[in-house]
Amino acid sequence: MATGEDDLARVARMLAELAPGPVDLTGRLFAQWCTVGSPVGEVYVASTDRGVCYLRTGESVGGDDQRFLEQLRDRLGRPARRAARPPAGVAPALRSGRPGRLPLDLRGLSDFERAVLEATARIPVGETRPYRWVAERIARPTAVRAVASALGRNPVPLLIPCHRVTRANGDIGGYVFGGQVKERLLRLEDVNVDEVNDLAGEHVYFLGSDTTNIVCFPTCHHARRITEPHRQGFRTIAQARRAGYRPCKHCKPAELAA
Amino acid sequence: MGTVPEEDPHDDAAGRLRALLQEDLDAGFAELVREYQQLVYTIALRVCGHHHPDAEDLAAEVFLRAYRALRGYSAARLGELRPRPWLVTITLNMGRNNARDRGRRPLQVTLEDFVERSPQGDVFDDVAAGLDRRRALAELTACLPDQQRDAVLLRHLCELSSAEVAEVLGCPEGTVRSHVSRGLVRLRGLLAERYPALAAGQGSGGTGTPVAQVRRQERISGHRRG
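Conventions we followed
All residue numbers refer to position in the chain's written sequence, counted from 1. Both sets of labels track the order of writing: A upward for chains, 1 upward for ligands. This being a predicted model, a pLDDT of at least 70 is required before a residue's local features are given, and a value of 80 or more before pairs of side-chain atoms are given or counted; all residues contribute to the totals for chains, interfaces and linings. Excluded from the side-chain calculation are hydrogens and water; included are all heavy atoms of the structure. Numbering of helices and strands starts at the N terminus; helices are DSSP runs of H or I of at least 4 residues and strands are runs of E of at least 2. The cut-offs for exposure are 20% and 50% of the maximum accessible area for each residue type, with area from a 1.4 Å probe on protein chains only; residues under the lower value are buried, those over the upper are exposed, and the others partly exposed. The criterion used for residue contact is that any of the two residues' heavy atoms lie within 4.5 Å. Reported accessibility uses the Shrake-Rupley method at a 1.4 Å probe radius. Residues are deemed covered only where the shown protein chains occlude them. Directions from the helix axis toward the C-beta atoms define the arc. What makes a nonpolar core is a set of buried Ala, Val, Leu, Ile, Met, Phe, Trp, Tyr and Cys residues whose side-chain atoms join them at distances within 4.5 Å. For the domains described, the bounds stem from an automatic or database domain assignment. Two parts placed together each lose some accessible area; with a 1.4 Å probe, that loss summed over both constitutes the buried area. In the sections that follow, a salt bridge refers to a side-chain nitrogen of Lys or Arg positioned within 4 Å of a carboxyl oxygen of Asp or Glu. Any two strands with at least two DSSP-identified bridges between them are counted as paired. The convention used is that axes are lines fitted to C-alpha atoms, helices contributing only their stretch in contact, and that angles between N-to-C directions extend from 0 to 180 degrees. Relative orientations are named as follows: roughly parallel for angles under 35 degrees, roughly antiparallel for angles over 145 degrees, roughly perpendicular for angles from 65 to 115 degrees, and oblique for any other angle. Whether a crossing is left-handed or right-handed is set by the direction in which the near helix is turned from the far one by less than a right angle, anticlockwise for left-handed and clockwise for right-handed. Note that Gly is not counted as nonpolar here; it falls among the polar residues with everything else outside the nonpolar set of Ala, Val, Leu, Ile, Met, Phe, Trp, Tyr, Cys and Pro and the charged set of Asp, Glu, Lys and Arg. The definition used for a disulfide is geometric: two cysteine sulfur atoms within 2.5 Å. pLDDT: the predictor's confidence for each residue, scored from 0 to 100.

Helix and strand content of chain B: 13 helices and 0 strands. Written out in order from the N terminus, the α and β elements of chain B read α-α-α-α-α-α-α-α-α-α-α-α-α. Counting only residues that meet the buried cut, chain B has 50% of its 226 residues in that class. Contacts in chain B between residues at least 24 apart in sequence constitute 66% of all its contacts with a sequence separation of at least 6.

Set out below in structure tokens:
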């Protein structure tokens, strides 16, 4: 019987050999965080192995590391550890307002939210678009409010420039870090905030040039090159079309015909 | 089964982890991952039909699920945590859910999985040449009845104590012991039948056990436990 027992022990030992080689999951599970400078002061940035996943201004968490970490854990359901430096490319992206190919980790968002953020990411520095424009770009023209709340849940503000989405009536609209920060960001990008306001006061939401017969959003860099004598204001794109204008191919105000 | 100690050699680790988790969840969790990632990955690998990327995904999901649960636990509940059986249970449950989604069976490794991964020549040639014990064992464990296979693998591959296996499988410890012992006897029989070279234990100095003798022992053993 002794041989039998030994044999069994040997079979058991052979089973233990089925164990795989070592694996290290820590890098996949933990987010890394640190602070980095931005146009609106220090910001907290967190990233995973896939890219930047969370950003908050120091101001919004009262400069309190623990408050940031609590928000991060609530939002991502992930533990975090401190990193020595931010992921490559974050500092220049924040400085320039152009994230370019900076990898972002947007897991945990719905398809709709991700689509909203992807459309928003294409708005150039120094320009703004209405919420409805974003809704049109993702083929959900009536989901304007849903677009606004998706932008409110943007996990990586500044990097995905949700501050560049404003209200169609010229109002600056809401922002995760408050309207004042939004306005500060837009002015830092040299958006013609005051001009847009003045135009809205006269119910002008689009600008055209009578030399090119092209109509734009007032913040479009083509609109801003139109000299005073050639500038034509419009309330709607339909009105501009009737006057013989075509929508700009850069800022694409086309769908907003109402 | 006197050859296998029943004490839990990981009790110290579990106690240390409980204290750490109560003190600082993220630091404790980092330790939890370090301590148990190999175990979770080992099970995940079997659940995922030995597909390494899937197994790593599953193992990561298991730990994230665990982290989210731990965040909601009170200090008292953290103090009662038995991390090993808890993590194994999460892994098996999530694995079963994934497997159900993909139409696979739990803890099962089919022969096809291995044949596919062996493009040159026949599996049996490999084994006969003494090249791959792992493949042979995986094939043979797949032949065990579900309960025996789960018990044997948790006990001897994952090295859980009988009490922990009982907790995970939701059956009495005595039942676990009997599943494990019958499973081992059966494996030994299968090994002698299909891979006599392996059963003879090359390199370990053991002598071959004739098939008839193994069968006789299996019967005896079956009587004794039954």
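Read on for the rest.
All right, on to the overall build of chain A then. The helix and strand tally for chain A stands at 10 helices and 10 strands. For chain A, buried positions account for 50% of its 258 residues. Within chain A, contacts between residues at least 6 apart in sequence are counted, and of these 59% link residues at least 24 apart. Carbon together with sulfur atoms contributes 48% to the accessible area of chain A, which is approximately 12,100 Å² in total.

Once that is clear, we can look at helix H8 (residues 179–188) of chain A. Residues and elements named next belong to chain A. Val-181, Lys-182, Leu-185 and Leu-186 are the residues of H8 that are buried. Here the buried residues of H8 occupy an arc of 135° about the axis, which is enough to place them on one side. Across H8 from its buried face, at more than 90 degrees, point the exposed residues Gln-180 and Leu-188. Buried residues in H8 make contact with helix H6 (131–137), strand S6 (165–166) and helix H9 (193–201). Following H8 by one or two positions, Asp-190 has its phi on the positive side, about 70°.

Leu-29 of chain A together with Phe-29, Tyr-36, Phe-63, Leu-70 and Leu-87 of chain B are the most contacted members of the largest nonpolar core, which has 72 residues in total. Each of domain 1 (9–106) and domain 2 (107–226) of chain B contributes no fewer than three residues to this core. In contact with Leu-87 of chain B, not counting residues within four places along its chain, are Leu-32, Tyr-36, Val-40, Val-62, Phe-63 and Ala-66 of chain B. Ranked by size, the runner-up nonpolar core spans 54 residues in total, among them Leu-117, Tyr-131, Ile-160 and Val-215 of chain A.

To continue, consider the interface of chain B and chain A. Each side of the interface is counted separately: chain B has 44 residues, and chain A has 33 residues. The largest contributions to the chain B side of the interface with chain A come from Arg-71, Arg-134 and Arg-188 of chain B, which together make up 15% of the buried area. In this structure, the connection of chain B to chain A is made through 5 salt bridges. A salt bridge links Glu-56 of chain B to Arg-28 of chain A, with the shortest nitrogen-to-oxygen separation between them at 3.6 Å.

The subject of this paragraph is the sheet that holds strand S4 (residues 80–82) of chain A. Residues and elements named next belong to chain A. Strands sit in the order S3-S2-S1-S4 across an open sheet of 4 strands; the sheet is mixed. In this open sheet, the two strands that pair with only one neighbour each are strand S3 (51–57) and S4. In this sheet, neighbouring strand axes are inclined to one another by 30° on average, regardless of whether the strands run parallel or antiparallel. Relative to S3, strand S2 (residues 43–48) runs antiparallel, the two being bridged by 6 bridges. From the neighbouring strand, Tyr-44 faces S3, where its bridge partner is Arg-56.

Looking now at the pairing of strand S7 (residues 206–209) of chain A. A regular strand places its side chains on the two faces of the sheet in alternate fashion. Residue and element names in this part refer to chain A. In S7, alternate side chains face the same way, and those of Phe-206 and Gly-208 on one face and Leu-207 and Ser-209 on the other are all buried. Inspection of the sheet shows S7 paired to strand S9 (residues 231–234) by 4 bridges, in the antiparallel sense. Within S9, the position partnered with Ser-209 by the bridge is Arg-231. Relative to strand S8 (residues 214–216), S7 runs antiparallel, the two sharing 3 bridges. The residue bridging Leu-207 from the neighbouring strand is Cys-216, located in S8. In this structure, the hairpin formed by S7 and S8 is closed by a connection of 4 residues, where Asn-213 is found at a positive phi of approximately 55°.

On to unusual backbone geometry. Phi at Lys-252 of chain A takes a positive value of approximately 50°, unusual for a residue other than glycine. Given a relative accessible area of 35%, Lys-252 of chain A falls into the partly exposed group. For Glu-159 of chain B, which is not glycine, the phi torsion reads 60° and is therefore positive. Relative to the elements of secondary structure, Glu-159 of chain B occurs in the loop between helix H9 (146–157) and helix H10 (162–169).

As a further point, take the sheet that holds S8 of chain A. Strands pair in a sheet through their backbones, by hydrogen bonds, and they do so in one of two ways: parallel or antiparallel. Ordered in space as S9-S7-S8-S10 (chain A), the 4 strands form an open sheet in which the pairing is mixed. Looking at strand neighbours, the two that pair on one side only are S9 and strand S10 (246–247) of chain A, the edges of this open sheet.

Residues and elements named next belong to chain B. Between helix H2 (residues 25–47) and helix H3 (residues 52–71), the shortest axis-to-axis distance is 8 Å and the interhelical angle comes to 140°. Relative to H3, the element H2 lies oblique. Considering only the axes of H2 and H3, their crossing is right-handed. For the pair H2 and H3, contact is made by Leu-25, Asp-26, Phe-29, Leu-32, Val-33, Tyr-36, Gln-37, Val-40, Tyr-41, Ala-44, Leu-45 and Val-47 and by His-52, Ala-55, Glu-56, Leu-58, Ala-59, Val-62, Phe-63, Tyr-67, Leu-70 and Arg-71, respectively. Counted by class, the contact of H2 with H3 contains 17 nonpolar, 2 polar and 3 charged residues.

Summed over the entire model, instances satisfying the criterion amount to 0 disulfides over all chains. Here Cys-251 of chain A stays free of any disulfide, with the sulfur of Cys-220 of chain A as its closest cysteine sulfur at 3.8 Å.

This part covers the confidence of the model for chain B. Any region with low pLDDT has predicted coordinates that should not be read closely. Residue and element names in this part refer to chain B. For chain B, the mean per-residue pLDDT works out to 76, and 70% of the residues sit at or above 70. Low confidence marks residues 106–131, where pLDDT is under 50. Its contacts with residues over four positions away, or in another chain, come to 39 contacts. Below pLDDT 50 for its whole length, residues 202–226 participates in 29 contacts with residues either more than four positions away or in separate chains.

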